[in-house]
Amino acid sequence: MTLTKAPRAAEQIWTPRLWGVLAVLCAVLFLDALDVSMVGVALPSIGADLSLSTTSLQWIVNGYVLGYGGLLLLGGRTADLLGRRRIFLVALGVFAVASLVGGLVDDGNLLIATRFIKGLAAAFTAPTALSILTTNFHEGPARNRALSVFSVFGASGYSSGLILGGLLTSAGWRWTFLIPVPVAIAALAAGLALIPRDPPAAEGGHDLVGAATLVGGMLLAVYTVVSAPARGWMDPVTLALAGAAVALLAAFVAIERRVAHPLIRLGILRSGSIVRANLSMVALFGSYLSFQFMMTLYLQDVLHWSPLRMALALLPAGLLVAFGSPFVGKLITRYGTAPLIVGSMLSMSLGYAWFLLTAGSAPHYAVTTLPTMLLLGGGFAFGFSAIMAQATQGIADAEQGLASGLVQTSGQVGAALVLAAVTAVIATNSPAGRHDFTQFHPGINLVTGVAVVGLLLSLVPLVSRRTAGAHRG
């Protein structure tokens, strides 16, 4: 792994333009989080209007997530090669156009297609935004502070999206797709004025074949898991699809080993801290997105809550992230990333476990849902910034796009696969004829397991340090 020695972070002066760059990057993260949470609130209304089943609805989520996660690495690599500013602004324009089209279509398949295109655009804006941040703010306290501010806007976007989604869905779900358009246009104009130009890399290339095999393998894997309950897990078609998915992903690894300019320089995965950061992001995003999906369907479809009431029920988690994230940068500087990631995964695991133990067939909000949302919000507040910081520590500027794209890919792909698995286990194992929360118990079992595995993995460096200390003693 290539290391670079940055100037002392304390020497960096935050000029008005530097603050302006951070504001643009935060606005785009705000937009991404706003879009995801608003559409999540609108899912039951979309399903009713366009006659979409639960399986089809998950593709509105996973279409975006897979487009996003599938090309994040290519997005980060492209930004490193062609210039971060250029890629960031072009992709943001595509995102705005796809948002507009998504608000106008009347067909479920077309809607899913626009979500996939938005995900593709976000695959270029997200890692580029993070790499612009990490190359403009020196590693250490300055970068930790910037990442904390960055995370606050993500949490604020998520929280705002819940409320706006509830209000807008009451007026019509299409507004949840149209509102991001002016936000994206405003961010595009500000980015043109404020983001400094950066020269493209002197040499390098694109790994388009690697990108195609990665996206194809992930799409097939998710489709196989989602469609297996109806077709049968041992059905020849299911087995053939699974085999094709494995073959494509294996081909991706083989290509990365041989291609001159790989999508992933596999040597970066020799760092245990980077591998753990990526696995922690899988657990964080995968478990929480799936939990939100189940709660959205339960509160609106089973309890018949209004979109706004449902949004307010889930809001405490987003608020806790918004108010807690500003302090995480200082904690990272003082204690390092590993203890914070452990605390994050412990809080997430306790939240799901509490919900599982107390929910029964009809979860009580004050006893079950509210404590769970507070624990999940606390976990996300500590985890997101710490994982991002750990995933990009010690990486040279030339590979910041790769490192940031890799960790975000892990989160998005993990979310897609866990959500697909949750949808499948609910369809396969839910008690027949039950129209209460019992039908979602298999899914809660799965997300709890995912979070616990994430917790166990995050404990590895702390246990290793104590073992090494004991041997030295």
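Residues numbered from 1 in each chain as written. Predicted model: local features only at pLDDT ≥ 70, side-chain atom pairs only at ≥ 80, totals over all residues. Heavy atoms only, no water.

**Some thoughts on the overall build of the protein chain**
Here comes step 1: Within the protein chain, the secondary structure is distributed over 17 helices and zero strands.
Here comes step 2: On C-alpha atoms alone, the protein chain measures out to a radius of gyration of 21 Å, which is about the 23 Å that the 2.2 N^0.38 rule sets for 473 residues.
Here comes step 3: Overall, the protein chain is about 65 × 60 × 45 Å in size when its C-alpha atoms are taken along their principal axes.
Here comes step 4: Burial status across the protein chain gives 56% buried among its 473 residues.
Here comes step 5: Taking as baseline every contact in the protein chain between residues at least 6 positions apart, the subset at least 24 positions apart corresponds to 85%.
Here comes step 6: Counting every atom, the protein chain has about 18700 Å² of accessible surface; 68% of that belongs to carbon and sulfur.
Here comes step 7: Here the protein chain holds 26 positive side-chain charges and 17 negative ones, and the gap between their average locations is 11 Å. (Helix = DSSP H or I, 4+ residues; strand = E, 2+ residues; numbered from the N terminus. Rg over C-alpha atoms; globule rule 2.2 N^0.38 Å. Buried < 20%, exposed > 50% of the residue type's maximum accessible area, 1.4 Å probe, protein only. Contact = heavy atoms within 4.5 Å. Areas by Shrake-Rupley, 256 points an atom, 1.4 Å probe, with all protein chains shown as cover. Lys, Arg positive; Asp, Glu negative; His and termini not counted. Charge placed at Lys NZ, Arg CZ, Asp CG, Glu CD.)

**Points about the packing of helix 12 (residues 328-335) against helix 14 (residues 365-392)**
Here comes step 1: Between helix 12 and helix 14, the least distance of the axes is 10 Å, while the angle of their chain directions is 55°. Judged by the inter-axis angle, helix 12 sits oblique to helix 14. The two elements helix 12 and helix 14 meet at a crossing, and its hand is right-handed. Taken together, the residues of helix 14 that come into contact with helix 12 (itself represented by Val-328, Leu-331 and Ile-332) are Ala-381, Phe-382, Ser-385, Ala-386 and Ala-389. (Axes fitted to C-alpha atoms, helices over the stretch in contact; angles between N-to-C directions. Parallel < 35°, antiparallel > 145°, perpendicular 65-115°, else oblique. Left-handed = near helix turned anticlockwise from the far one by under 90°.)

**Section: the nonpolar core**
Here comes step 1: Counting 134 residues, the largest nonpolar core has Ile-46, Ile-60, Phe-88 and Tyr-288 as the members making the most contacts within it.
Here comes step 2: Top contributing element to this core by residue count: helix 1 (residues 16-50), with 16 residues.
Here comes step 3: Not counting chain neighbours up to four residues away, the residues in contact with Ile-60 comprise Val-39, Leu-43, Ile-46, Leu-52, Leu-111, Ile-112 and Arg-115. (Core = buried A, V, L, I, M, F, W, Y, C linked by side-chain atoms within 4.5 Å.)

**With respect to unusual backbone geometry**
Here comes step 1: Unlike most non-glycine residues, Ser-51 shows phi in positive territory, near 55°.
Here comes step 2: Relative to the helices and strands, Ser-51 resides in the loop between helix 1 and helix 2 (54-82).
Here comes step 3: In the Ramachandran plot, His-304 falls in the positive-phi region, its phi being about 60° despite a non-glycine side chain.

**Some words on the confidence of the model for the protein chain**
Here comes step 1: When pLDDT is averaged across the protein chain, the result is 81; 91% of the residues are at 70 or more.
Here comes step 2: Predicted confidence is poor over residues 1-10, with pLDDT under 50, and the contacts of this stretch with residues over four places away or in other chains come to 21 contacts. (pLDDT = per-residue confidence, 0-100.)

**Observations concerning empty space enclosed by the protein**
Here comes step 1: Counted according to the given criterion, the structure contains two cavities of 30 Å³ or more.
Here comes step 2: The calculated volume of the largest cavity comes to roughly 820 Å³.
Here comes step 3: Looking at the largest cavity, it is lined by 40 residues, and the ones nearest its centre are Ala-33, Val-36, Tyr-158, Phe-285 and Phe-380.
Here comes step 4: Elements with a contribution of two residues or more to the lining of the largest cavity: helix 1, helix 2, helix 4 (108-136), helix 5 (141-171), helix 10 (272-302), helix 11 (307-324), helix 14 and helix 15 (400-429). (1 Å grid on protein atoms, 1.4 Å probe; cavity = no way out; pocket = protein on both sides within 12 Å on 5 of 7 lines; lining within 4 Å. Points joined across faces, edges and corners; volume = space filled by probe spheres on them.)

**Section: a nonpolar patch on the surface**
Here comes step 1: Among the surface-exposed residues, Val-90, Val-94 and Ile-117 lie close enough to one another that they form a single nonpolar patch of about 240 Å² accessible area.
Here comes step 2: Relative to the helices and strands, Ile-117 resides in helix 4. (Patch = residues over 30% accessible without salt bridge, like charges linked within 9 Å, V, L, I, M, F, W, Y side chains within 5 Å. Salt bridge = Lys/Arg side-chain N within 4 Å of Asp/Glu carboxyl O.)

**Details of the pattern of salt bridges**
Opposite charge on two side chains makes pairing possible when the charged atoms of those side chains draw close.
Here comes step 1: Within the structure shown, the criterion is met by three salt bridges.
Here comes step 2: A salt bridge links Asp-35 to Arg-115, with the nearest nitrogen and oxygen atoms 2.8 Å apart. Residue Asp-35 is found in helix 1, and its partner Arg-115 is found in helix 4; the two are separated by 80 residues along the sequence.
Here comes step 3: Assessed through its relative accessible area of 0%, Asp-35 is described here as buried.
Here comes step 4: Residue Arg-115 is classed as buried on the basis of its relative accessible area, which comes to 2%.
Here comes step 5: Two residues, Asp-106 and Arg-174, come together in a salt bridge whose shortest N-O distance is 2.4 Å. With Asp-106 in the loop between helix 3 (84-102) and helix 4 and Arg-174 in the loop between helix 5 and helix 6 (175-178), this pair connects stretches of sequence that are 68 residues apart.
Here comes step 6: For Asp-106, a relative accessible area of 59% puts it in the exposed group.
Here comes step 7: A relative accessible area of 23% places Arg-174 in the partly exposed class.

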